[in-house]
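Architecture at a glance
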Amino acid sequence: MSQNKDERFMKMALIEAQKAYLIGEVPIGAVITQDGQIIGRGHNLREHLNDGVAHAEIMAIEEACRYLRSWRLVDCELYVTIEPCLMCSGAIVNSRIDRVVFGARDKKAGAVRSLYRVLEDSRLNHNVEVFEGVLQPACSKIIKDFFKAARKRKKQK
């Protein structure tokens with residue numbers, strides 16, 4: 001896989017993360033591609049939608065499914081700034097996404113490499129190729145900056 005392609009699409013996921021940051025959501029962004037074209041985008045919207053499943057990956061999966069008019073996202077790749085959680089990993093498997101590229105690990109909730117290895121579990125009916133660390137410094141920085149600012153606001157109150 002082309003490193004330039006992965007970096008290009010991770011930059012697009014970072015733009016989605018920035019959208020979340022600007023509206024006070026945890027800044028995680030995702031894009032789904034097929035044949036080098038973005039077919040789904042998403043960023044966290046849990047607070048705005050009052051919806052516990054409105055994670056960036058889920059939002060991108062839903063848009064890609066609408067675009068393809070299918071729940072099967074075959075020949076698709078997901079680019080996400082932070083390692084997917086258990087829920088999102090299940091959605092990735094169930095959507096039949098072929099490849100996931102993520103920027104930074106999530107030590108507290110990551111279900112791809114940190115806590116579990118859901119996407120590569122041979123007991124499941126679908127396995128996903130995983131590549132990590134693309135633009136890791138930028139992906140880590142945006143989320144660290146967000147929580148640092150949140151702690152500062154909380155302390156000021």
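Residues numbered from 1 in each chain as written. Predicted model: local features only at pLDDT ≥ 70, side-chain atom pairs only at ≥ 80, totals over all residues. Heavy atoms only, no water.

This next bit is on the overall build of the protein. Check the secondary structure of the protein and you find five helices and five strands. Computed over the C-alpha atoms, the radius of gyration of the protein is 15 Å, within 12% of the 15 Å expected from 2.2 N^0.38 for a compact globule of 157 residues. Along the longest, intermediate and shortest principal axes, the C-alpha atoms of the protein span 50 × 30 × 30 Å. Expressed as a percentage of its 157 residues, the buried residues of the protein come to 47%. Of the contacts made within the protein by residues no fewer than 6 positions apart, 58% connect residues no fewer than 24 positions apart. Total accessible area on the protein stands at roughly 8,700 Å², and carbon and sulfur atoms take up 51% of it. Once the 26 positive and 20 negative side-chain charges of the protein are each reduced to a mean point, those two points are 8 Å apart. (Helix = DSSP H or I, 4+ residues; strand = E, 2+ residues; numbered from the N terminus. Rg over C-alpha atoms; globule rule 2.2 N^0.38 Å. Buried < 20%, exposed > 50% of the residue type's maximum accessible area, 1.4 Å probe, protein only. Contact = heavy atoms within 4.5 Å. Areas by Shrake-Rupley, 256 points an atom, 1.4 Å probe, with all protein chains shown as cover. Lys, Arg positive; Asp, Glu negative; His and termini not counted. Charge placed at Lys NZ, Arg CZ, Asp CG, Glu CD.)

Right, let's talk about the UniProt feature "binding site: Zn(2+)" (unreviewed entry) in the protein for a bit. Under the UniProt annotation, "binding site: Zn(2+)" (unreviewed entry) lies at His55, Cys85 and Cys88. Across 34 residues of sequence, these annotated residues stay compact in space, with a maximum C-alpha separation of 9.3 Å. With respect to the helices and strands, the residue His55 is situated in the loop between helix H2 (46-49) and helix H3 (56-68). Overall, the relative accessible area of 14% leaves His55 in the buried class. Within the secondary structure, Cys85 sits in the loop between strand S3 (76-82) and helix H4 (86-95). The class of Cys85 is buried, set by a relative accessible area of 15%. If we skip the residues at most four places from it in the chain, Cys85 touches His55, Glu57, Ala109 and Ala111. (UniProt positions renumbered as here; feature names shortened; annotations may be inferred.)

Within this structure's numbering, the places UniProt gives as "active site" (unreviewed entry) are Glu57. On the accessibility criterion, Glu57 (4% relative accessible area) is buried. If sequence neighbours within four positions are ignored, Glu57 has contacts with Ala30, Leu78, Val80, Ile82, Pro84, Cys85 and Cys88.

Together, Leu86, Leu115 and Tyr116 line one region of the surface with nonpolar side chains, adding up to about 300 Å² of accessible area. Inspection of the secondary structure puts Leu86 in helix H4. You can call Leu86 partly exposed: its relative accessible area is 47%. (Patch = residues over 30% accessible without salt bridge, like charges linked within 9 Å, V, L, I, M, F, W, Y side chains within 5 Å. Salt bridge = Lys/Arg side-chain N within 4 Å of Asp/Glu carboxyl O.)

This part is about the sheet that holds strand S4 (residues 99-104). Taken together, the five strands give an open sheet; going across it, the order is S2-S1-S3-S4-S5, and neighbouring strands pair in mixed fashion. In this open sheet, the two edge strands, each paired with only one partner strand, are strand S2 (37-43) and strand S5 (129-132). Averaged over all pairs of adjacent strands, the angle between their axes in this sheet comes to 15°, without regard to strand direction. Both S3 and S4 contribute to a ladder of five bridges, which runs parallel. Directly across from Glu77, in S4, lies its bridge partner Arg99. Sheet strands in contact with H3 are strand S1 (29-34), S2 and S3, and its direction is about 145° off that of S2. (Pairing = 2+ DSSP bridges. Axes fitted to C-alpha atoms, helices over the stretch in contact; angles between N-to-C directions.)

Glancing now at the packing of H3 against H4. In contact at an axis separation of 9 Å, H3 and H4 are set at 20° when each is read in the N-to-C sense. Classified by the angle between their axes, H3 and H4 sit roughly parallel to one another. Seen along the crossing, H3 lies across H4 with a hand that is left-handed. Contacts between H3 and H4 involve Glu57, Ile58 and Ile61 on the former and, on the latter, Met87, Cys88, Ala91, Ile92 and Ser95. Tallied by class, the residues present in the contact of H3 with H4 amount to six nonpolar, one polar and one charged. (Parallel < 35°, antiparallel > 145°, perpendicular 65-115°, else oblique. Left-handed = near helix turned anticlockwise from the far one by under 90°. Nonpolar A, V, L, I, M, F, W, Y, C, P; charged D, E, K, R; others polar.)

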